[in-house]
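Read off the chains here:
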Amino acid sequence: MFRRACLIGTFAVLVIAPPLWAQNDDKDKPTQEKPATPAEQFRNLTQEFNKAQQDYFTAVRQAKTDEERQEAYKKAPKPQELAPRFMDLAKKNIDDPVAVDSLIWIVQFGAASPVGNEALEMLTADHLENPKMGAVFQNVRVLTPNMEKLAIAVLEKNPNPTIKRQTCLALAAALKNIRKTAEAEKYFQRIVDEFADVNSLVQVVQQNANGPSGEQAIEILIKEHVTNPGFASALQQLGAGRPSPSVVKIFRAVIEKSESRDAQGTAALELGQLLKGQAGTAQTVKMLQQYDEARLKQYETAYGAEYVKQMLALDADAATKEAESLLDKVVTEYGDVKGAGVTLGDAAGPDLRELRTLSVGKIVPDVEAEDTDGETFKLSDYRGKVVMVDFWGHW
């Protein structure tokens, strides 16, 4: 009996033991990583592109020779190579929010490509009401037929007023860029009629000041907003870039009607700088009209025939005189007012000094330097003689 019991006990141990050994073997096996979620896959793709961009910018900055620069340019990221991978991610996760993110990325970096056109078609078919659609129109580089079709559909179907306003403005600007002026005016006018907030009106003025909708936007801003104390930030927007001569009316209205010192000072600064720039442009186009008709035509192509016409009609001397008066007023009366990063006085100072010392007809400031033989000289040493000064630089 004892021997039989021992045999049975031994058999039981042998039967039970293998599963225990198997459990120990499982512990030694490497654990498998979980597959990346759709969101993680999207993040990995965007990080891959962002790193390529950063490496490219670094290489360009560090390049010292033409050969090194040419090699650096070869490292420019190629969104068209990543676009199919974003499309694959979107199609495999069509019901996940990452699908819209992927399609928008494709459109932003290559709307005119075959993959970009497919992405636009998918967005138009299934995502018109998505709250992310505004991102599609933040930076429209090329207005393809499918992009225009999507924009029109978003204006019709998306319930978000902000997205509709953004889309309408992007569509109007893109149409104007390809010289479809009448179609562009229709959408600029829609912005004025439906989204008459300050920001919308300012953007219409910036992009279409000489059109009927732009003129109406200017009148609304003057009538309803120039006395608003917070209008100073809008004035900075209106003065950015190459503002239309029509914007002068807004600046004058603020100087005359506003009770805000910030707004009045900002308007005086922007108007002074605008007039100074216009005076310089007027002098240039009048010289071209007299001596170089071909380059004058280039000006008309670049800036528009209407703008060149306005500059030819401008009294440059009167504009310069008023610009100097306004900038002097900014320095003396509003110099302490804080502007965009600096005080208004600091912003106006360089322009005022330029008008007073470097304008045509002013006495040239004295210069002391070394000539090519290492001899020190002053420009004033040559007073009374004809002197050609050659300014040059190397970057």
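Scoring rules and cut-offs
Residues numbered from 1 in each chain as written. Predicted model: local features only at pLDDT ≥ 70, side-chain atom pairs only at ≥ 80, totals over all residues. Heavy atoms only, no water. Helix = DSSP H or I, 4+ residues; strand = E, 2+ residues; numbered from the N terminus. Buried < 20%, exposed > 50% of the residue type's maximum accessible area, 1.4 Å probe, protein only. Contact = heavy atoms within 4.5 Å. Lys, Arg positive; Asp, Glu negative; His and termini not counted. Charge placed at Lys NZ, Arg CZ, Asp CG, Glu CD. Salt bridge = Lys/Arg side-chain N within 4 Å of Asp/Glu carboxyl O. 1 Å grid on protein atoms, 1.4 Å probe; cavity = no way out; pocket = protein on both sides within 12 Å on 5 of 7 lines; lining within 4 Å. Points joined across faces, edges and corners; volume = space filled by probe spheres on them. Nonpolar A, V, L, I, M, F, W, Y, C, P; charged D, E, K, R; others polar. Patch = residues over 30% accessible without salt bridge, like charges linked within 9 Å, V, L, I, M, F, W, Y side chains within 5 Å. Areas by Shrake-Rupley, 256 points an atom, 1.4 Å probe, with all protein chains shown as cover. Core = buried A, V, L, I, M, F, W, Y, C linked by side-chain atoms within 4.5 Å. Phe/Tyr/Trp six-rings, centres within 6.5 Å; stacked < 30°, edge-to-face > 60°. Arc of directions from axis to C-beta. pLDDT = per-residue confidence, 0-100. Axes fitted to C-alpha atoms, helices over the stretch in contact; angles between N-to-C directions. Parallel < 35°, antiparallel > 145°, perpendicular 65-115°, else oblique. Left-handed = near helix turned anticlockwise from the far one by under 90°.

(A) Local environment of the overall build of the protein chain. Looking only at helices and strands, the protein chain has 18 helices and two strands in total. Counting every position in the protein chain, which comprises 395 residues, the buried fraction comes to 38%. Nonlocal contacts in the protein chain, meaning residues at least 24 apart in sequence, comprise 56% of its contacts between residues at least 6 apart. Taking the 47 positively charged and 56 negatively charged side chains of the protein chain as two groups, their mean positions are separated by 5 Å.

(B) Structural view of the pattern of salt bridges. Under the criterion given, the structure shown has 16 salt bridges. The partner of Arg85 in a salt bridge is Glu48, and the shortest N-O contact between them spans 3.1 Å. Remark: Glu48 occurs in helix H2 (residues 38-62) and Arg85 occurs in helix H4 (residues 79-92); sequence separation between them is 37 residues. Take Arg85: its relative accessible area is 40%, and that puts it in the partly exposed class. Residue classification places Glu48 among the partly exposed positions, given a relative accessible area of 39%. For the salt bridge of Glu194 with Arg190, the shortest nitrogen-to-oxygen distance reads 3.0 Å. One end of the pair, Glu194, and the other, Arg190, are both in helix H9 (residues 181-194), four residues apart, so they sit about a helical turn from each other.

(C) Fine view of the layout of surface pockets. By volume, the largest pocket amounts to about 900 Å³. Lining the largest pocket are 32 residues, with Lys176, Gln207, Asn210, Arg242 and Tyr303 positioned closest to its centre. Elements with a minimum of two residues in the lining of the largest pocket: helix H8 (161-177), H9, helix H10 (198-208), helix H15 (293-303) and helix H16 (305-313). Split by residue class, the lining of the largest pocket holds 15 nonpolar, eleven polar and six charged. Computed from the structure, the second largest pocket encloses a volume of approximately 490 Å³. Surrounding the second largest pocket, 15 residues form its lining, Phe377, Leu379, Met388, Val389 and Asp390 being those nearest its centre. Across the lining of the second largest pocket, the residue classes break down as eleven nonpolar, one polar and three charged.

(D) Focus on a negative patch on the surface. A grouping of Glu370, Asp371, Asp373 and Glu375 is seen on the molecular surface, where their side chains present a negatively charged patch. Within the fold, Asp371 resides in the loop between strand S1 (368-370) and strand S2 (376-378). Residue Asp371 is classed as partly exposed on the basis of its relative accessible area of 31%.

(E) Representation of the nonpolar core. Counting 97 residues, the largest nonpolar core has Leu123, Val136, Leu150 and Ile250 as the members making the most contacts within it. With eleven residues, the single largest contributor to this core is helix H14 (residues 261-291).

(F) Representation of a nonpolar patch on the surface in the model. Judged by side-chain polarity, Tyr382, Val387, Val389 and Phe391 come together as a nonpolar surface patch covering roughly 420 Å² of accessible area. Taking the relative accessible area as the measure of exposure, Tyr382 reaches 37% and is therefore partly exposed.

(G) Quick peek at the packing of aromatic side chains. Applying the stated criterion across every chain, the model contains nine aromatic pairs. Aromatic side chains Phe49 and Trp105 sit 5.3 Å apart centroid to centroid with 90° between the ring planes, which places their arrangement in the edge-to-face category. One end of the pair, Phe49, is in helix H2; the other, Trp105, is in helix H5 (residues 97-110), with 56 residues separating them in the sequence. With relative accessibility at 4%, the residue Phe49 sits in the buried group. In this structure Trp105 comes out as buried when scored by relative accessible area, which is 7%. Aromatic side chains Tyr303 and Tyr307 sit 6.2 Å apart centroid to centroid with 55° between the ring planes, which places their arrangement in the tilted category. Aromatic rings pair up to connect Phe42, Phe49, Phe86, Trp105 and Phe109 into one cluster.

(H) Just helix H12 (residues 232-239), in detail. Within H12, the full set of buried residues consists of Ala232, Ala234, Leu235, Leu238 and Gly239. In an axial view of H12, the angular spread of the buried residues amounts to 155°, which keeps them on one side of the axis. Contact partners of the buried residues in H12: H10, helix H13 (248-257) and H14. Gly241 sits one or two positions beyond H12 and adopts a positive phi of about 70°.

(I) Focus on unusual backbone geometry. A positive phi is found at Arg179, a non-glycine position, where the angle reads about 70°. According to the relative accessible area criterion, Arg179 is exposed, its value standing at 59%.

(J) Quick peek at the confidence of the model for the protein chain. Model confidence for the protein chain is summarised by a mean pLDDT of 88, while 91% of its residues fall at 70 or above. Looking over the protein chain, one finds the lowest element-wise mean pLDDT in helix H1 (residues 2-28), namely 48, and the highest in helix H17 (residues 316-333), namely 96. The low-confidence segment residues 1-17 (pLDDT under 50) makes zero contacts with residues lying over four places distant or belonging to another chain.

(K) Examining the packing of H4 against helix H6 (residues 114-126) more closely. It is at 10 Å that the axes of H4 and H6 come closest, and there the two elements cross at 25°. Here H4 is positioned roughly parallel relative to H6, judged by the angle of their axes. Remark: the crossing between H4 and H6 carries left-handed chirality. Residues Ala83, Pro84, Met87 and Lys91 of H4 lie in contact with H6, whose contacting residues are Val115, Glu118, Ala119 and Met122. Here the contact of H4 with H6 is composed, by residue class, of six nonpolar, no polar and two charged.

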